[in-house]
Amino acid sequence: MKEKQDVWQGTLSLMILKTLDVMGTQHGYGLARRIEQTSEDLLAINQGSLYPVLLKLEQEGAIDSEWGVSDNNRRAKFYRITRAGRKQLAQEFRQWQQTADVMTRFLTLSATPAAEIPGEDK
Amino acid sequence: MRLLRRAWRRLAGTFSGTSRESELAEELEAHLQMQAAEFIEAGMTPEAARRAAALKFGAMEEVKESYREQREIPLIGTLVRDVRFAARSLYATPGFTLVAVATLAFGIGLTTAFFSLVDQLLLWSVPAREAHRLVRITGGYSRAYPFFTAYRDLNRFFDGVLASSDNLGVSFRPAGSRGVEIGKAEYVSGGYFRILGIGAAAGRVITPSDDTSGGPPAAVLSYRYWQQRFGGDPQVIGQRFAVNTYPLVIVGVAEKGFGGLFNSDEPDVLMPLAMYPVTNPGAAKEWKMAHVGWLTCVARLKPGVSIQQAQAFMPDLWARAVEKVNDRGVNLAIKVHQITKDEGRLVPAARDALFIRNEQFLDPLKALAAVSVLVLLLTCANVANLLLVRASRRWKQTAVRLALGATRGRLIRQFLTESLLLAAAGSVLGLAVAYAAVRSLAQVEFFGLRFRFHLSLFVLASCAGVTLLTTVLFGLVPALRATRIQLAASMNEQGISNETLSRSLLSRFLIASQIALSLVLLVAASLFGRTLRNLQNVDLGFQRENIAIFQIDPASVGYSGQRLRIFYDQLLERTRTLPGVRSAALAAMTPISNTLRFLAWGDEGHITLSMVYNSVSSGYFATLGIPLLAGRDFRREDEPDVTPAGWGGKKDASRVCIMSRSLARKQFGTVNVVGRRFCFPGEDCSAGKGMEVIGVVKDVHHSGITEPDPDATIYEPSWSNGAEARALAVRFDGSAAPVIAGIRRALQDQDPNVPVMHVRLMEEYINSRLARERLIAYLSSFFGVLALGLAALGLSGVLASVVAQRTREIGIRIALGARPGDVARMVLRFSLVPVVAGLAIGVVVAFCWGIFLGSLFYGIDSFDLVSVSQSVAVLLAAALLAAAIPARRATQVDPMVALRCE
């Protein structure tokens, strides 16, 4: 049985930005479903917790919103990534990669002798 | 940058309306529906799908709450919501809101008006550099020209002494202008501008070299006059400018904002003192006399010298000045020791922000301060009571909210928000009230000053301060009281009666304070009203009705000596023949105008008498209706044949005079003085010489209406002191307009160039002199009535709510056999204690207030029993009336209905 992971603070906004970057315009429900699918249901997020993050991103100017009509003719609010949002995404992506690299290296190097660590500098 | 943008959006979100809330709800609802639709497609029943969707979504309210927190800045957000809620609930009760806001507007507006006046007062200090070093030298002789020059030349501890005349009415004729214009001139000593530290906006100012006999005929314009008359044209400098037909040259314009030494009264033109005799040939000798005090002397202290240190030198300076003045052969034989205590006292000039007129000025300001404080307190008490009544109506609502978990602090905040909103609305209206108040005060020349209402930072800040203060004053106690609820008790009915009792104690206290404040205002209204009546009924010594006074100035267009005399005499003759004129006369001075006082010495040469000098033609006493008590009026033959050349030419003057009653008493100790003789100092007083008293007349008020002692006055026949400016007094029948027009035509025929300085109807003029008192009386009676109304309204409102809350109790009493009279008495008894207590406190406060304002009353004690008892009676009647309505309603309670509805 797969164990569900809690979403870290901050990672959710990165997921939203990436999803919007890939999918273009999308409403809140669509975003939630997409994130669920991408994470293959490994993440335990309440769909509702998406909305405060969306508001925060909008206030920061990373995304835009607009009321529109969904595929099945329902009125919904659609979100779209902005230029500032793409820049933010690129930056946060780099940071995330760095963090992930460092963490991976740290966790994998933990078995090797401490004396070899200075060698890493070369 | 990102943070900044977010902060801004959050702030904006704080204030955007409820539409965002419904948008959020719609967005989330759409989400749920889409999820549910998907589940239904997957085969769930609609209900199950809905439930599953909600489960997947998470806690809806939690999401919304965190969304809201993100959307806005939390503390401000709740504040905005509080304000919205308060505004809604105030809107729901327009009657209450209207009364409360209007009441507060009066209190706040009046206080703001007061602050606006104070603000202008503070700005309006003596127009000079380092004004704190300026001192005024007081005294009688110290205002005379020889003493000024003596002070100026002999002193060693001042940085200079300056002198200035009052603003004198003169005629102008600017270069190129056809007619004459009437304006105000200030004659100043040569050091005036240097000592005050005032420069020129254009050209130059007056310097000591101008102020010498034979100096250049220089005139300096005030900046305001330069702008108004010449449009600020710099070409005007160097142009000719005739003052009273004497040609002067404009040498400069004083710096902007400088309005002369007397701020209340700006001159148009400033001239050196040396120009006084040539521009006023009629007074060419008089102005230098040691007993004619017409100047204001101001000295600048040396840096670091205190006023006390300088004062210590003054007796010596005075003694040396007397020596010097006597040396000049003026032969006044002024005794050094006699007068030193009154002469040469130094008074700080800057501290009295208003310089010379501060006395006159402070009194009305004091009255306004006192009234506005009282009205502010009264309005606070009234609104507090209204709020208490209101809170008691929302009793259940408050209890429910507490029960649902609202904290007390949160509820108090909400109540205070409502109060603040009321006060804010009141202060906006209050600014309008303040504007109107200052405008009306300025219109009647309340202070003799041109006040304008302007919204300075100080005024706005004080208005905001007063608003906050009132909020706390009237809002806090009701808020504390309304939220102090024993929850368990209030849920059942017994709780209410206990609460009613304690709350009504507070209400009763507020009623008592309202009654007390109203009583004070009513007493004040009565005192001021009676002051006005007393002033209107003062016996001025003459009959004020149907008298017109013409002030004309032929001297200013070149008449002098015999020609001047003939001009006036002709005018008098022509006036006497005009239709509608009953009688007419000439006089140097008419009652209730400026006086020229001088000192004279009696027979033995050591009695000092201050008296008013007037020279009048025959018929003067009949024209003004001044009763002749003994002897006879002047005749034409009493006037000197040859017109003497001025004050010095006494030799040819007539030898008869008429004394006012009080002068006769002072001089001879009796009023039977017809035929007795009288001498001026320095005259030959041997037998048969001196002046003979031929008549005694009633005392007349010459300078003002309220002067404490009657003016001792000596009358001489016209032209006894040379040809000088005269006033033409006319008693007419019927309407004034045709008579005035007739005299103007006669004047036009004689010489169209002669300027008319002013025409006054005596009765009107006296009334205008009482404008200040009238305004105070009207204002205080207005506020007295307002206070009475507010107090009655408050009492009535509180009693009504008490009756409403006790309907059940009253119903039971009636059911048990209480008669209507008993019930009414019960309600009345409730109001009796606070009313009586309020009256008692009010009497005490009125007493203190009377002492504080004592100087404003005339002809009554500051604690006047009649005023107090009248006011108490009026208030009692109003209180009874106010209590009668709720009492009547109580007697009409139907016991069956009352018991059933609870």
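Remember, predicted model here, so these are calculated numbers, not experimental data.

S.K.: How should the overall build of chain B be read in this particular structure?
M.R.: Each helix and strand counted, chain B has 28 helices and 22 strands in total. In chain B, which comprises 902 residues, the share counted as buried stands at 42%. Taking all contacts inside chain B whose residues are at least 6 apart in sequence as the whole, residues at least 24 apart take part in 82%.

S.K.: Teacher, can you tell me more about the overall build of chain A here?
M.R.: Along the backbone of chain A there are four helices and three strands. Going from N to C terminus, chain A has its helices and strands arranged as α-β-α-α-β-β-α. Looking at chain A as a whole, 26% of its 122 residues are labelled buried. For chain A, the share of sequence-separated contacts (at least 6 apart) that also reach a separation of at least 24 residues comes to 54%.

S.K.: Teacher, can you tell me more about the environment of Lys666(B) here?
M.R.: Within the element layout of this structure, Lys666(B) appears in helix α21 (residues 661-668). The spatial distance from the C-alpha of Lys666(B) to the C-alpha of Ala712(B) is 8.0 Å, given a sequence separation of 46 residues.

S.K.: How should the pairing of strand β21 (residues 727-732) of chain B be read in this particular structure?
M.R.: Put simply, side chains in a regular strand alternate between the two faces of the sheet. Residue and element names in this part refer to chain B. Burial analysis of β21 places six of its six residues in the buried class, which makes it a mostly covered element. The alternating pattern of β21 places Ala727, Ala729 and Arg731 on one face and Leu728, Val730 and Phe732 on the opposite face, and all of these are buried. By the bridge criterion, five bridges tie strand β12 (residues 547-552) to β21 in an arrangement that is antiparallel. Residue pairing in the sheet places Ile547 in a bridge with Arg731 of β21. Two strands pair when backbone bridges link them, and strand β13 (residues 581-587) and β21 are joined in this way by six bridges, in the antiparallel orientation.

S.K.: Got a minute to help me understand unusual backbone geometry in this structure?
M.R.: Peptide bonds are mostly trans, and most non-glycine residues show a negative phi. Of note, the phi angle at Asn546(B) is positive, near 60°, even though the residue is not glycine. Tracing the backbone shows Asn546(B) in the loop between α18 (494-536) and β12.

S.K.: I keep staring at the sheet that holds strand β3 (residues 75-81) of chain A and nothing clicks. Help me out?
M.R.: Hydrogen bonds between backbone groups are what pair the strands of a sheet, and the pairing can be parallel or antiparallel. Residue and element names in this part refer to chain A. Strand order in the open sheet formed by three strands is β1-β3-β2, and the pairing between neighbours is antiparallel. One side of each edge strand has no neighbouring strand; the edge strands of this open sheet are β1 (26-27) and β2 (63-69). Bridge analysis of β1 against β3 gives two bridges, and the strand direction is antiparallel. Bridge assignment links His27 to a residue of β3, and that residue is Phe78.

S.K.: Would you take a moment to explain the interface of chain B and chain A for this structure?
M.R.: It is common to give the size of an interface as the accessible area that goes away when the parts come together. Taken together, the contact pairs 22 residues of chain B with 19 residues of chain A. Sorting the residues of the side of chain B that touches chain A by element identifies α1 (2-15), α2 (19-41), α3 (46-57) and α4 (60-71) of chain B as the ones contributing at least two each. Among the elements that make up the side of chain B that touches chain A, the one with the highest residue count is α2(B) (eight residues). Grouping the constituent residues of the side of chain B that touches chain A by class yields eight nonpolar, six polar and eight charged.

S.K.: Help me understand the packing of helix α26 (residues 820-852) of chain B against helix α27 (residues 865-891) of chain B in this model?
M.R.: Two packed helices can be described by the angle between their axes and the distance between those axes. Residues and elements named next belong to chain B. Taken N-terminus to C-terminus, the directions of α26 and α27 make an angle of 155°; their axes are 9 Å apart at the nearest point. The orientation of α26 relative to α27 falls into the category roughly antiparallel. In this structure, α26 meets α27 at a crossing whose hand is right-handed. For the pair α26 and α27, the contacting residues are Pro820, Val823, Ala824, Val827, Leu828, Ser831, Val835, Leu839, Val843 and Ala846 in the first and Val868, Val872, Leu875, Ala879, Ala883, Pro886, Ala887, Ala890 and Thr891 in the second. Here the contact of α26 with α27 is built from residues that sort into 17 nonpolar, two polar and no charged.

S.K.: What am I meant to see in the nonpolar core here?
M.R.: Taken as a class, soluble globular proteins show a tendency for nonpolar side chains to be buried jointly. All names here are of chain B. Among the nonpolar cores identified, the biggest contains 91 residues, and Ile515, Leu519, Val520, Leu521, Ala787, Leu795 and Ala879 are the most heavily contacted of them. Counting residues per element, this core draws most heavily on α18, which supplies 16 residues. Discounting residues that sit within four places of it in the chain, Ala879 has contacts with Ile515, Ala792, Leu795, Ser831 and Val835. Counting 65 residues, the second largest nonpolar core, distinct from the first, contains Val135, Ala150, Tyr151 and Val251.

S.K.: Sorry if this is basic, but what is going on with the environment of Met271(B) here?
M.R.: All names here are of chain B. Looking at where Met271 falls in the secondary structure, it is placed in strand β9 (residues 269-272). With 81 residues separating them along the chain, Met271 and Gly190 place their C-alpha atoms 9.2 Å apart. Leaving out residues up to four positions away in the same chain, Met271 has contacts with Ala185, Tyr187, Ala219, Val243 and Leu248.

S.K.: Explain the packing of helix α2 (residues 28-38) of chain A against helix α3 (residues 50-60) of chain A to me, please; I cannot follow it from the model alone.
M.R.: Residue and element names in this part refer to chain A. Here α2 crosses α3 at 115°, and the two axes come no closer than 11 Å. By the angle between their directions, the pair α2 and α3 is classed as roughly perpendicular. Judged by the twist between their axes, the crossing of α2 over α3 is right-handed. On α3, the residues that touch Gly28, Leu31 and Ala32 of α2 are Leu50, Tyr51 and Leu54. Residue composition of the contact of α2 with α3, by class: five nonpolar, one polar and no charged.

S.K.: Looking at this structure, how should I read α21(B)?
M.R.: Given 3.6 residues per helical turn, the α-helix brings residues three or four places apart onto the same face. Residues and elements named next belong to chain B. Of all the positions in α21, only Arg661, Leu663, Ala664 and Gln667 are classed as buried. Viewed along the axis of α21, the buried residues span an arc of 160°, placing them on a single side of the element. Immediately beyond the C-terminal end of α21, within one or two residues, lies Gly669, with a positive phi of roughly 75°.

S.K.: How should I be thinking about the pairing of β3(A) in this particular structure?
M.R.: Residue and element names in this part refer to chain A. Bridging between β2 and β3 involves seven bridges; their strand directions are antiparallel. The partner of Ile63 across the bridge, within β3, is Ile81. Hairpin remark: β2 followed by β3, antiparallel, with five residues in the connecting loop; positive phi at Asn73, about 60°.

Calculation criteria
Numbering of residues starts from 1 in each chain and follows the order in which that chain's sequence is written. Written order determines the labels here, with chains lettered from A and ligands numbered from 1. Local features are withheld for residues below a pLDDT of 70 in this predicted model, meaning they are given only at 70 or higher, and side-chain atom pairs are given and counted only at 80 or more; totals for whole chains, interfaces and linings count all residues. Strands here mean DSSP runs of E at least two residues long; helices mean DSSP runs of H or I at least four residues long; both are numbered from the N terminus. Labels follow a simple rule on C-beta atoms placed from the backbone: if 20 or more others lie within 10 Å of a residue's own, it is buried; if 12 or fewer, it is exposed; otherwise it is partly exposed. Placing a C-beta atom from the backbone of each residue, one calls two residues in contact when those atoms lie within 7 Å. Two strands are said to pair when DSSP picks up at least two bridges between them. Just so you know the grouping, Ala, Val, Leu, Ile, Met, Phe, Trp, Tyr, Cys and Pro go in nonpolar, Asp, Glu, Lys and Arg go in charged, and all remaining residues, Gly too, go in polar. Structural elements are reduced to axes, namely lines fitted to C-alpha atoms, with helices fitted over the stretch in contact, and the angle between N-to-C directions of any two is expressed from 0 to 180 degrees. Here roughly perpendicular refers to angles of 65 to 115 degrees, roughly parallel to angles under 35, roughly antiparallel to angles over 145, and oblique to all remaining angles. Should the near helix be turned counterclockwise from the far one by less than a right angle, the crossing is left-handed, whereas a clockwise turn marks it as right-handed. Remark: nonpolar core denotes a set of buried Ala, Val, Leu, Ile, Met, Phe, Trp, Tyr and Cys residues whose joining runs through C-beta atoms within 7 Å. Directions pointing from the helix axis toward each C-beta atom define the arc.

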